[in-house]
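A structural walkthrough
So the chains spell out like this:
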Amino acid sequence: MSDIKVTPLGAGQDVGRSCILISLGGKNIMLDCGMHMGYNDDRRFPDFTYIAREGRLTEKINCVIISHFHLDHCGALPYMTEMVGYDGPVYMTHPTKAICPILLEDYRKITVERKGEVNFFTSEMIKTCMKKVITVNLHQVIQVDDDLEIKAYYAGHVLGAAMFQIRVGQSSVVYTGDYNMTPDRHLGAAWIDKCRPDLLITESTYATTIRDSKRCRERDFLKKVHCCVEKGGKVLIPVFALGRAQELCILLESYWDRMNLKVPIYFSLGLTEKANHYYKLYITWTSEKIKKTFVQRNMFEFKHIKPFDRAYIENPGPMVVFATPGMLHAGLSLQIFKRWAPNENNMVIMPGYCVAGTVGHRILNGARKIEMENKQIIEVKMAVEYMSFSAHADAKGIMQLISHCEPRNVLLVHGEGEKMVFLKNKIKQEFGVECYMPENGETSVIKVKHNIPLDTSLNLLKRQLVPADESEEPDPKHLKILHGALQMRGSRMQLTEPSVAFRELGLEEYELRFTCDITLEEEGSVSNTTDRIYRLLQREFPKCSVQFSNDGSINVGDSVIVKVSGEDDCKNILVSWSHQDEDIGSHIQRVLRPEQS
Amino acid sequence: MKLICLSDNPSKPCFVLFFKGVKIMLDCGLDIKQILHYIPLLVVPGFQVSKAHTWSQGGDKRNRVPDDAAQELKECGGRLLVDGNPEFSIPETGIVDLSTLDAILISSYSCMLALPYITEYTGFKGTIYMTEPTFYIGRLYMEELVKYVERNPKSSIASHWKQENIIKNLPAPLRDAVRPRQWRKLYTLHDINSSLSKVQLVGFSEKLDIFGALTVSPASSGCCIGSCNWIINSKYEKICYIAGTSTLTTHPRPMDQSPLKNADVLIVSCLTQTPLSLPDPMIGEFCLNAAVTVKNGGNVLVPCYASGVTFDLFECLSGHLDQCGLAGVPMYFLSPVSDSTLAYSNIFAEWLSAGKQSKVFLPECPFPHADLLSKGRLKNFSSIHTGLSTDFVTPCILFAGHPSLRMGDIVHFIELWGNSPSNTIIFTEPDFPHLDALAPFLPIAMRVCYCPIDTSLNFSQANKLIRDLRPLHLVVSESYTHPPVLEPLRNDLTVDFDPSPLTYKQGEILSLPVKRQYEAVEMEPELANTLEPVEVKPGTAIAMITAALVAKDNKYVLKLLPNLHDVPKKRRADGSLLWRKPYIFGTPNLQEIVDSLKQNGFTSLRVEENDSGSIIHLVKEDSLIQIDNNSTHIICQGEEIRLRLKEVMLKCLKQL
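Keep in mind the model is a prediction, meaning the values are calculated, not measured. (Residues numbered from 1 in each chain as written. Chains lettered and ligands numbered in written order. Predicted model: local features only at pLDDT ≥ 70, side-chain atom pairs only at ≥ 80, totals over all residues. Heavy atoms only, no water.)

Further remarks concern the overall build of chain A. Regarding its fold elements, chain A presents 16 helices and 30 strands. On C-alpha atoms alone, chain A measures out to a radius of gyration of 37 Å, which is more than a quarter above the 25 Å that the 2.2 N^0.38 rule sets for 597 residues. Summarising its shape, the C-alpha atoms of chain A cover approximately 130 × 55 × 50 Å along the three principal directions. When burial is assessed residue by residue, chain A has 58% of its 597 residues classed as buried. The contacts of chain A with a sequence gap of at least 6 include a subset with a gap of at least 24, amounting to 69%. Summed over its atoms, the accessible surface of chain A is roughly 25,000 Å², and 48% of this surface lies on carbon and sulfur atoms. Between the averaged position of the 73 positive side-chain charges in chain A and that of its 76 negative side-chain charges there is a distance of 12 Å. (Helix = DSSP H or I, 4+ residues; strand = E, 2+ residues; numbered from the N terminus. Rg over C-alpha atoms; globule rule 2.2 N^0.38 Å. Buried < 20%, exposed > 50% of the residue type's maximum accessible area, 1.4 Å probe, protein only. Contact = heavy atoms within 4.5 Å. Areas by Shrake-Rupley, 256 points an atom, 1.4 Å probe, with all protein chains shown as cover. Lys, Arg positive; Asp, Glu negative; His and termini not counted. Charge placed at Lys NZ, Arg CZ, Asp CG, Glu CD.)

Take the sheet that holds strand E23 (residues 473–477) of chain B next. All names here are of chain B. Strands sit in the order E12-E13-E14-E15-E16-E23-E24 across an open sheet of 7 strands; the sheet is mixed. Both edges of this open sheet fall to strand E12 (208–210) and strand E24 (502–504), since each of them pairs with a single strand only. Averaged over neighbouring strand pairs, the angle between their axes works out to 20 degrees when direction is ignored. Both strand E13 (residues 214–220) and strand E14 (residues 228–233) contribute to a ladder of 6 bridges, which runs antiparallel. (Pairing = 2+ DSSP bridges. Axes fitted to C-alpha atoms, helices over the stretch in contact; angles between N-to-C directions.)

A separate point is the UniProt feature "domain: Beta-Casp" (unreviewed entry) in chain B. Under the present numbering, the feature "domain: Beta-Casp" (unreviewed entry) in UniProt falls on residues 310–438 of chain B. In residues 310–438 of chain B, helix accounts for 41% and strand for 12%; the two terminal C-alpha atoms are 20 Å from one another. (UniProt positions renumbered as here; feature names shortened; annotations may be inferred.)

Before going further, it helps to examine unusual backbone geometry. Apart from glycine, the bulk of residues carry a negative phi angle, and the bulk of peptide bonds sit in the trans form. With an omega of -5 degrees, the peptide bond running from Thr394 of chain B to Pro395 of chain B counts as cis. Of note, Pro395 of chain B is situated in the loop between strand E19 (378–381) and strand E20 (397–400). In this structure, the amide linkage connecting Gly401 of chain B to the following residue, His402 of chain B, adopts the cis form with an omega of 5 degrees. Of note in this structure, Arg17 of chain A is not a glycine but carries a positive phi near 60 degrees. With respect to the helices and strands, Arg17 of chain A occurs in the loop between strand E1 (4–10) and strand E2 (19–24). The backbone phi angle of Asp27 of chain B is positive, close to 65 degrees, even though this residue is not glycine. Looking at the element boundaries, Asp27 of chain B is found in the loop between strand E3 (22–26) and strand E4 (52–54). In this structure Asp27 of chain B comes out as buried when scored by relative accessible area, which is 0%.

Enumeration over the complete set of coordinates arrives at 50 salt bridges over all chains. The salt bridge partner of Asp198 of chain A is Arg408 of chain A, with a shortest N-O separation of 2.9 Å. Residue Asp198 of chain A is located in the loop between strand E10 (171–175) and strand E11 (199–203), and its partner Arg408 of chain A is located in the loop between helix H11 (395–405) and strand E20 (409–413); the two are separated by 210 residues in the primary sequence. Accessibility expressed as a relative area gives 1% for Asp198 of chain A, which makes it buried. Arg408 of chain A sits in the partly exposed class, given a relative accessible area of 44%. In this structure, Lys20 of chain B engages Glu519 of chain B in a salt bridge whose closest nitrogen and oxygen atoms are separated by 3.1 Å. (Salt bridge = Lys/Arg side-chain N within 4 Å of Asp/Glu carboxyl O.)

Residues Ile201 and Phe221 of chain A together with Phe399 of chain B are the most contacted members of the largest nonpolar core, which totals 351 residues. Counting residues per element, this core draws most heavily on helix H3 (residues 132–150) of chain B, at 10 residues. Listed in part, the 44 residues of the second largest apolar core include Leu512, Cys516 and Val575 of chain A together with Ile625 of chain B. (Core = buried A, V, L, I, M, F, W, Y, C linked by side-chain atoms within 4.5 Å.)

What follows concerns the sheet that holds strand E5 (residues 73–76) of chain B. Residues and elements named next belong to chain B. If you trace the 3 strands from one edge of the open sheet to the other, you get E4-E5-E6, paired in antiparallel fashion. The two strands at the open ends of the sheet, each matched to only one other strand, are E4 and strand E6 (79–82). Between one strand and the next, the sheet's axes are offset by a mean angle of 45 degrees, whatever the strand orientation. As paired elements, E4 and E5 share 3 bridges and run antiparallel to each other. Paired with His53 across the two strands is Glu75, which belongs to E5.

Attention now moves to the interface of chain A and chain B. Contacts between chain A and chain B engage 90 residues on the former and 98 residues on the latter. Across the chain A to chain B interface the summed buried area is about 8,100 Å²; carbon plus sulfur atoms make up 58%. Three residues stand out in chain A for area buried against chain B, namely Leu281, His483 and Tyr510 of chain A, and they jointly supply 10% of the buried area on that side. Linking chain A with chain B are 5 salt bridges, by the criterion used here. The closest approach of N and O atoms between Glu582 of chain A and Arg642 of chain B, which form a salt bridge, is 2.9 Å. For the pair chain A and chain B, the interface holds 34 residue pairs in polar contact (both at pLDDT 80 or more). The biggest single contributor to the side of chain A that touches chain B is strand E24 (residues 480–489) of chain A, with 10 residues. When its residues are assigned to classes, the side of chain A that touches chain B shows 37 nonpolar, 28 polar and 25 charged. Bridging between E24 of chain A and strand E28 (residues 540–552) of chain B involves 10 bridges; their strand directions are antiparallel. Bridging across to E28 of chain B, Leu482 of chain A finds its partner in Ala547 of chain B. (Buried area = accessible area lost by both parts, 1.4 Å probe. Polar contact = N/O pair within 3.5 Å; in protein donor to acceptor, adjacent residues only side chain to side chain. Nonpolar A, V, L, I, M, F, W, Y, C, P; charged D, E, K, R; others polar.)

Residues and elements named next belong to chain B. The geometry of H3 relative to helix H5 (residues 189–196) is characterised by a closest axis approach of 10 Å and an angle of 160 degrees between their N-to-C directions. One way to sum up the angle between H3 and H5 is to call them roughly antiparallel. In the packing of H3 onto H5, the handedness of the crossing is right-handed. In contact with Phe135, Arg139, Met142, Glu143 and Val146 of H3, H5 contributes Leu189, Ile192, Asn193 and Leu196. (Parallel < 35°, antiparallel > 145°, perpendicular 65-115°, else oblique. Left-handed = near helix turned anticlockwise from the far one by under 90°.)

Mapping Ser444 of chain A onto the fold places it in strand E22 (residues 444–446). If near-sequence neighbours (up to four positions away) are discounted, Ser444 of chain A is found in contact with Ile4, Lys5, Val6, Leu411, Tyr436 and Pro438 of chain A.

Residues and elements named next belong to chain A. Most of E24 is tucked away: 9 of the 10 residues are buried. Direction of pairing for E24 relative to strand E25 (residues 492–496): antiparallel, over a ladder of 5 bridges. Considered in E25, the bridge of Arg489 is made with Arg492. Linking E24 to E25, which pair antiparallel, is a turn of 2 residues; within it Gly490 sits at a positive phi near 60 degrees.

All names here are of chain B. Between its terminal C-alpha atoms helix H6 (residues 279–295) stretches 24 Å, which fits the 24 Å expected from 17 residues at 1.5 Å a residue. Those residues of H6 not exposed but buried are Pro279, Met282, Ile283, Phe286, Cys287, Asn289, Ala290, Ala291, Thr293 and Val294. Next to the buried residues of H6 lie strand E17 (300–303), helix H7 (309–323), E20, strand E21 (424–427) and strand E22 (447–450). Phi turns positive, to about 85 degrees, at Gly297, one or two residues after H6. (Expected span 1.5 Å × (residues − 1).)

Moving on, we get to helix H5 (residues 214–230) of chain A. Along an α-helix, a turn takes 3.6 residues, which lines up residues three or four apart on a common side. Helix length check: H5 of chain A, at 17 residues, gives a terminal C-alpha distance of 24 Å against a target of 24 Å (1.5 Å per residue), a fit within 8%. Once H5 of chain A ends, the next one or two residues include Gly232 of chain A, with phi positive near 85 degrees.

Let's shift gears to the packing of H6 of chain B against H7 of chain B. Residues and elements named next belong to chain B. Across the interface, H6 lies against H7 with an axial gap of 10 Å and an inter-helix angle of 50 degrees. Here H6 lies oblique to H7, going by the angle between them. Between H6 and H7 lies a crossing whose hand is right-handed. Of the residues in H7, those in contact with Ile283, Phe286, Cys287, Leu288, Ala290, Ala291 and Val294 of H6 are Leu313, Cys316, Leu317, His320 and Leu321. Split into classes, the residues belonging to the contact of H6 with H7 amount to 11 nonpolar, 1 polar and no charged.

The next thing to look at is the packing of aromatic side chains. Counted by the stated rule, this structure contains 43 aromatic pairs over all chains. Pairwise contacts between aromatic rings join Phe45, Phe48, Tyr79, Tyr107, Phe120 and Phe121 of chain A into one cluster. Arg492 of chain A extends its terminal NZ or CZ atom over the ring of Tyr518 of chain B, reaching a point 5.5 Å from the ring centre. (Phe/Tyr/Trp six-rings, centres within 6.5 Å; stacked < 30°, edge-to-face > 60°. Lys NZ or Arg CZ within 6 Å of the ring centre and 35° of its normal.)

Structural data, given as structure tokens:
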């Protein structure tokens, strides 16, 4: 049996830089190729030298699969394909392919143009990289090569997010990417069928959290925003351009409508309209409710939400601003934060997870003084609120997914080590399956066991499906016994009736026959003795046929002949059988031979 | 394996396939053509087309049609048409028990309009499989029909005329109506919802398991958004069903050929309905005629469906009008579902051609009609009553349904514009013979153009495709094996295949020549470990298996026998062994046996050879061993000696 090997290059007991290598059935697949937002040095990208010390990766990897457009899942892709070198196929869904290059370009601009880094991937590289992408539809089974196939399932998390099933022969792995098991305002819940993979690789961001009801959180969020603007404060909501932003926009838009509020809501310029247009064109990837009503009213056309201009930062009066990026690690959101942080009337709401090392992460951990890169120190007086809107499955959701797809093994990635341990134990306890949580660079080997497929002759099968004993009711629980000859030619296994197999192989059965004489001193006629032996044999072999044949001999089973001859006082019993009935033949000998004194 | 054809029209197919104990319906087309026998329904309730008048029966008293039947009929444009609520010719439902259908596979939205007749009020318990666009657009097509029929309800259902003794006395073409007694009135919105609630959506190349017995998988067919062909696989057999398929480049995702290759049986339906005209020149002609008409101040009327080729027409025509400097001529699109079909056309990028897909990456709408709509060059309305009149500008080009000309807003516009020779009606839809469709409006002054655009496979494309796919057996409509009636000498307009194809025809049951030989059975590794394979030829080994067979959900697994001691004595009812053990074979030569005997302490041997074999006498043991090619007979007295001899012999042989 071949094993499945999994090595995370990123996201092993960590969040960020997702990049997981798996090898099954002789194929090597890279799951995601992300960057780490907590680092600005080499550590921001996965260590591709693990795959090949030098040279290109095309020969080493059969395909790359990108689960969704977040940079911690696709941010290293142009680096890997263009700078390290990979020309094989890259798979992603349509919305991911549409949106991913925009975010990559955005990321490149911030890194190169604002931070002035050199030796980074270029716009041209992003374009060439995207040319290597092959799009997949949900549930479409894509044949990567003759043996390797992949299939995408809906994951909910962001527009176009997918879980992937990877299959080689009988071995299969499901990789969840990031997913969400509860539908939200604009996306549906993740779904997978009972595909029983050998291994489920699941994210575990919220390994220990059970989140309260979504409605409460939404109400809480609206109340906080409303309170703050009523007091004349400014609300900053750092978001990523696509995903959570749209959900919160829908939420605020309808609340503003209902409460008849006039306070301006802004969305940082550029990406917004484009982003919303993507949502309009990829309506099939959103929630059932939005799909149903989109002909009448497209939820992504906002009335109250207007594009933001940098000049508005200094505007007096209350406002709500959605600004990118989401973890306050760079860009406009950080710029606004620096200006607004010193005022206690203002508020920043972090609607999602923040990677260690980012400003977002630091203020959420209670830091009130933040040192910037240029040694400038920012005093944080504004209110800092954390609202978990990020669309990850919580512990309950993860358990739900496991029970849906019934994996034989589970492997945790994309989470924090200590929390994983807790979840790991819970999974082992509840489902009785092995659970792994390798660190980055550590390889987990998962043993798999599969049934062996046999091409079985229909004649043989049909014959076996009738119950052995006609008196027995056809009972599905009743043991059915199959007996056949298995021919093995290379990898072909063919199960047929023995006679057919022998004929096909040109084998002739060899007959080995035994004949013994037993002398009995018994009075009476030959036929009397024959009758006696006949009855004796019937008793001894209740399950065999015991019959007289035309010449007065007794036949037992398929090949045994018992014939009595001799005089009135002495009988000669000839017993003859073929080797296949050795059990009967030797047993007859035992019962008929006079006790040896 | 059997195939039953339930539809009379190979372009609106409906089959039932029996395979491995599973009953699958392939497509569920509604042949709307028969409603051409009805009087058109006007948009305004209570009104009738101007040319309809009561039927004055002439002629012979003996053949006179009774009054109750005659009142149901109207003379209209020189034809006798039925005046009543339109009824539809549905698939033949008498042959198959619909409650036992396991699954229905739908190939496209134009081949599913009879679904409610099959799945509702019939006890149907199965699942319907179709792609997402097929589901949404198909629903809209059904709703459109319902809206057309319901918005001008006729009180009466005409049925007297259908009686056999009456219909045979009616004039043609009504006399030739196909099985009118089986026509049924249209379903309702409720029926549509209930029927479509049984749908499971599928993606291209998705592999769906049907009761563990079969895998079915849709492959893009390039004919319209979301259209597909179906591959039905068991582990060892493959049946492919080709429905509406196009190898041309239009807006849908191109056809995927490779999964259809090397089938045991290839079933082909939905070939072109207009074998004499090619789509490309027809589109050119369409644009030309439309442009000339509006240039001269006339209006153009295009009977059309609410999706499909209509979108290509918008694209081509707007481009052509630009070139002719007629960009200011408005295009109107009327259908109760036009809002939805236009909106849906924007969101199915994954199901479109690569060119249209890449626009969405920008992000732009995939179809140019989105741009035409936003610029106001194309305007859509649900009917003439919903705002059309407020900014109606002529000359214009008006697309409206229904292409049968028996219902929908189109009827109103033929009445309105029919009297002016400067107007033109252009027929593009191949589903309806245009002269029959137009009959109730004759005589008509407006110009009539016929530019049928059928992107389905024509015969030369189909023959080439079939040659490439190399099926073992081909199954086609009986009508595809001879040339069209109007072109009896065009033998090139037939399907040509060797061996000659099997043919289907409505109501006929066809046995498919597929002989199943194998079934997939899995062996547990624990059982595999107990096997003792013996190499009998280089590269070929054999092992005997005796195992418990577990059958569950049509899957078979071999497991270790729970208790090996009990079962070997089991025999069948006829006394034969359930299995035999051991099997022995081999061709030992005499010398081997003799040597082996000597090694085992049998020393007093006397060997006799004759023609048929040889005999070894064991003098001391008073035993005989008769040996010939395939057998050995050991004759001895003592059990102990017999067992020793047995061991010697078995060593010289191979056993399983």
